[in-house]
Structure formats: structure tokens, C-alpha cells
Amino acid sequence: MRLVEVALAERSYPIYIGQNIWREIPRLWAERLKPGKVLLVSDETVFPLYGRRMVDSLQQAGFAVKSAVVPAGEGSKTLAKADQLYSAAILAGLERRDLLVALGGGVVGDLAGFVAATYLRGVNFAQVPTTLLAQVDSSVGGKTAVNHSLGKNLIGAFYQPKLVWVELDTLVTLPQREYLAGAAEVIKYGVILSEALLNLLAARWQDFLAKEPELLTAVVGDCCALKAAVVAADEREAGLRAILNFGHTLGHALEAATAYGHYLHGEAVLAGMAMAVKLALGKGILSSEDSARLLEVFGRVGLVAPPPALPAADVLAALNRDKKREAGKTVFILPEAIGRVRAFDDLAAEAVRQVLDCYLSGGTAGDLLRLTD
Ligand SMILES: NC(=O)c1ccc[n+]([C@@H]2O[C@H](COP(=O)([O-])OP(=O)(O)OC[C@H]3O[C@@H](n4cnc5c(N)ncnc54)[C@H](O)[C@@H]3O)[C@@H](O)[C@H]2O)c1
Ligand SMILES: [Zn+2]
């Protein structure tokens, strides 16, 4: 088992990462927080798989557990669902010193985290992420949110959990497509902060695909440690935390232009990262060797093709809507070397258009690399 600390003074918390640690962790929790009531929040896919085991192990550690289950998927990240969970918390008699636990992917984590942040002005909160994306990204860092009909993640709070438990066992049942989408975020950490992580992934890609336990503990642990360090330095995204948005500028635009119906988040981010690498190469800030290495690794995951005939104008319009929120400039995080990125707000519109056209016309990672400026 690996332990990563998120260092945020009085809001610091541990992330435990391991394989088959169902018995150990609730005991550790009981030592840290006096066992009281737990409201376990999960979704209709994850609860039947792991709910029983979770409830049993929490009960054995002395917690009194009630459960609330929401439908699986993004559609549950609403104020209406949050309101149902407030009712469940009130009916369960949950008090501030009790514990709200999210068991599931980023949807359950974001929704339950938002409820934990607001119910009684904040109750103890713990995350048990069950998708690779949630394990390396959304469960760490304290961003919680629900969606509004006018936009994603518009209603939320920064609210740190007290504990995070990454049970790697749960990845066994995760659909391969979801696993690969999470892999995109893993690769992202390598590009922005750690050449060693990228090298490890590249060298042991088959083991990573086979979910080899020791490797997963190392990789997921490294990602959590990297994100924890960024969050500790910049909890509320005043500066450094923006590097986590590598690949997300164009990624979000692709998601928005396809009404969130075509890509999984990580798939759009992977395409966004590939285009960002090509932009960095074109701008002369990244070597052709590093670009080739990166695009080769992206190619192993495989770029998901856009929907047929998606107009570049739709993606650029989505990019511009985002720009308005960023005070008028589109900011791209671009790599200068593997493991080092910087923010740029002076990309030529023509350069962006060109990489986007290449990708939208069916271009693979290799085609992007060969695209001439
Ligand atoms: N808070 C943050 O910092 C942050 C960061 C990134 C993403 N997010 C949010 O995370 C959400 C996406 O998260 P996600 O990709 O985990 O999606 P998700 O929570 O919808 O999970 C994906 C699917 O996998 C199923 N699933 C989960 N774990 C499983 C398991 N172990 N076995 C089988 N099936 C399983 C779920 O039921 C769901 O159908 C988005 O809403 C996004 O906005 C938040
Ligand atoms: Zn992301």
C-alpha cells in the first residue's frame, strides 16, 4: 500500500492507494475520525459491484452506514440530485462530525463532494474513487460541482476531503474504454511534470493495459503525488494549477462542440494534448524528438476520431466561448520538454485552425506529427 499526503496545513489529508485493502482502510479511518454515522453515496452501476463490500468493511470498523444511490452518468450531477441527497442525509441524521463517503467515478465524487461541502455548511467527506480518471484526478484536489442547464460544473465549491482511499481492485470491472480515457490523464501528468512517469508508462505499456497491481500502485501513486504537490502550491487555481489544463483547452472545445455526447472526457483531452504538442512543435518550443516520442505514446492509447463532418467552426466557437470566461484570451498550456509546460496566450489563430483541420479530417497522432507548417 502507498500513502500520499496532500499538504494543506489544517486541511491536509492522506490518500491510501493499494490493492485489496478493504479491511485495512476503514480501520485507519476509524482511528482518524471517531466512528459515527456514514452516508455512502454511489451510483447504480458501482453500488451493486462494491456497495456490499464497502458497507461491510465500514460496519466492521464501527461505522453505522446508510446508503444513497443515484443513476450512473453525468445526468446525476444536478442540483435536483443534490437535493435528494440532502434529504437522505437529513433522514439519516447525519451531523457535521459524521462522514459522507463517495463510492464511484468523478460524477459521484463531484456530486457527493458538493453535498458534503454545503450540507450543514460542511460535513466530513471521504472519496473512494472507482474509475482511473477519478483515482488520478477528480478525487484529489477538492474541486466539487454540479452542472447547470447553461453549462458544466458551474455550481460548486472547493472542499477538501478528509480521506481518500484508492482501491485499485475496483478497476477490474471498469470498461476498457473508460480505463483508456483515464490513461490520457495519467499521460498528462507525465507530459506536464514527470518524464520518469512517461518513461515508465512507455516501457511497461502492456503491464499497464493488463492492470498489473504493482505497476498500477506506482503509477496511480505518482499521479496522486504530482497532483497533490500542484494543489498544495495552488489550491484555488490562482496560477500553477492551470498546468493541469494541458490538453484541456481544445479538449473542452471538442466536448462542447459535440454536446458532450461523442467523447469521454479523457478521449477529448488526448486529442487536445496531441494538437497541443503539434502547436508546441510548430511554435519552435518543443524539439521534434520530444514531439515524436509524445505522439507515439498518445498513439498507443489511440486518438478517438471526431464525429463525421464536425465543422472546425463549431469547435472554434466553443473555444471562443471559453475565452470569454478567461478575460479575452485563449490560454494554451504547451510543453517545452517532456515534464515541463508553460502557458501561452499568443497562439496564431491560423496555427490552431491548421492542427484542428488535420485532426478533424481523420488525422491520427502520426498525421499530426507529419503535418507541415
Ligand atoms: N473534481 C475534479 O477535479 C474533476 C476532475 C476531472 C473530472 N471531473 C468530473 O468527473 C466526471 C467524470 O468522471 P468519470 O470519468 O469517473 O465518470 P463517471 O463517474 O460517470 O464513471 C464512468 C462510468 O463508469 C462506471 N463505473 C465507475 N466505476 C466503475 C467500476 N469500478 N467498474 C465498472 N463501472 C464503473 C460509472 O457507473 C459510469 O457509468 C465529470 O463529471 C467531470 O466533470 C472532476
Ligand atoms: Zn481532465
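Keep in mind the model is a prediction, meaning the values are calculated, not measured.

A. View of unusual backbone geometry. Despite not being glycine, Asn20 shows a phi value in the positive range, around 55°. Within the secondary structure, Asn20 sits in the loop between β2 (13–18) and α1 (24–32). The exposed category is assigned to Asn20, around which 11 C-beta atoms lie within 10 Å. The phi dihedral of Leu120 falls on the positive side, at around 55°, and the residue is not glycine. Positionally, Leu120 belongs in the loop between α4 (106–118) and β6 (124–129).

B. Looking closely at the sheet that holds strand β9 (residues 163–167). Taking strand neighbours across the sheet as the criterion, the seven strands line up as β1-β2-β9-β6-β5-β3-β4 in an open arrangement whose pairing is mixed. Each of the sheet's edge strands pairs with one partner strand only, and the pair in question is β1 (2–6) and β4 (64–70). Strand-to-strand twist in this sheet, taken as the mean axis angle between neighbours without regard to direction, amounts to 20°. Note: strand β3 (residues 37–43) against β4, seven bridges, orientation parallel. Of the residues in β4, the one forming a bridge with Val41 is Ala68. Its contacts with the sheet place α1 against β2, β6 and β9, and it is angled at close to 175° to β9.

C. Fine view of the nonpolar core. Judged by nonpolar contacts, the single largest core of 123 residues is most densely connected at Val41, Leu100, Ala274, Ala276 and Phe298. It is helix α11 (residues 265–282) that contributes the most residues to this core, 12 residues altogether. When residues are assigned to domains, this core turns out to be shared by domain 1 (2–173) and domain 2 (176–370), each giving three or more. If near-sequence neighbours (up to four positions away) are discounted, Ala274 is found in contact with Leu295, Phe298, Leu303, Ala365 and Leu368.

D. Summary view of the domain arrangement of the chain. On domain assignment, one finds that the chain holds domain 1 (2–173) and domain 2 (176–370). Across the contact, 24 residues belong to domain 1 and 25 residues belong to domain 2. Of all the elements, helix α5 (residues 132–138) adds the most residues to the side of domain 1 that touches domain 2, at five residues. Taken together, the residues of the side of domain 1 that touches domain 2 break down into 15 nonpolar, six polar and three charged.

E. Here's a closer look at the site of ligand 1. Every one of the 28 residues lining ligand 1 counts as a neighbour, but Thr45, Gly105, Gly106, Thr131 and Ser138 are closest to it. At the level of elements, α2 (46–60), α4 and α5 are the ones that each hand at least two residues to the shell around ligand 1. For the shell around ligand 1, the residue count by class is eight nonpolar, 13 polar and seven charged.

F. Fine view of the pairing of β6. Of all six residues that make up β6, six are buried, and the element is covered over most of its length. Side chains Asn124, Ala126 and Val128 project from β6 onto one buried face, and the interleaved Phe125, Gln127 and Pro129 project onto a second face that is buried too. When strand β5 (residues 99–104) meets β6, the two strands line up parallel, connected through six bridges. Residue pairing across strands places Ala102 opposite Gln127, the latter belonging to β6. Running through α4, the crossover from β5 to the neighbouring parallel element β6 is right-handed. Judged from the two bridges that link them, β6 and β9 form a sheet pairing that is parallel. Paired with Ala126 across the strands is Leu163, a residue of β9.

G. Main features of the environment of Gly109. Residue position: Gly109 is located in helix α4. Between the alpha carbons of Gly109 and Val41 there is a distance of 8.7 Å; along the sequence they are 68 residues apart. Every residue in contact with Gly109, bar those within four places of it in the chain, is listed here: Ala102, Gly104, Gln127, Pro129, Ala134, Ser138 and Ser139.

What counts and how
- Residues numbered from 1 in each chain as written.
- Chains lettered and ligands numbered in written order.
- Predicted model: local features only at pLDDT ≥ 70, side-chain atom pairs only at ≥ 80, totals over all residues.
- Helix = DSSP H or I, 4+ residues; strand = E, 2+ residues; numbered from the N terminus.
- Buried ≥ 20, exposed ≤ 12 C-beta atoms within 10 Å, placed from the backbone.
- Pairing = 2+ DSSP bridges.
- Axes fitted to C-alpha atoms, helices over the stretch in contact; angles between N-to-C directions.
- Contact = placed C-beta atoms within 7 Å.
- Core = buried A, V, L, I, M, F, W, Y, C linked by C-beta atoms within 7 Å.
- Domains from an automatic or database assignment.
- Nonpolar A, V, L, I, M, F, W, Y, C, P; charged D, E, K, R; others polar.
- Near = placed C-beta within 6 Å.
- Right-handed = clockwise from strand over helix to strand, strands pointing away.

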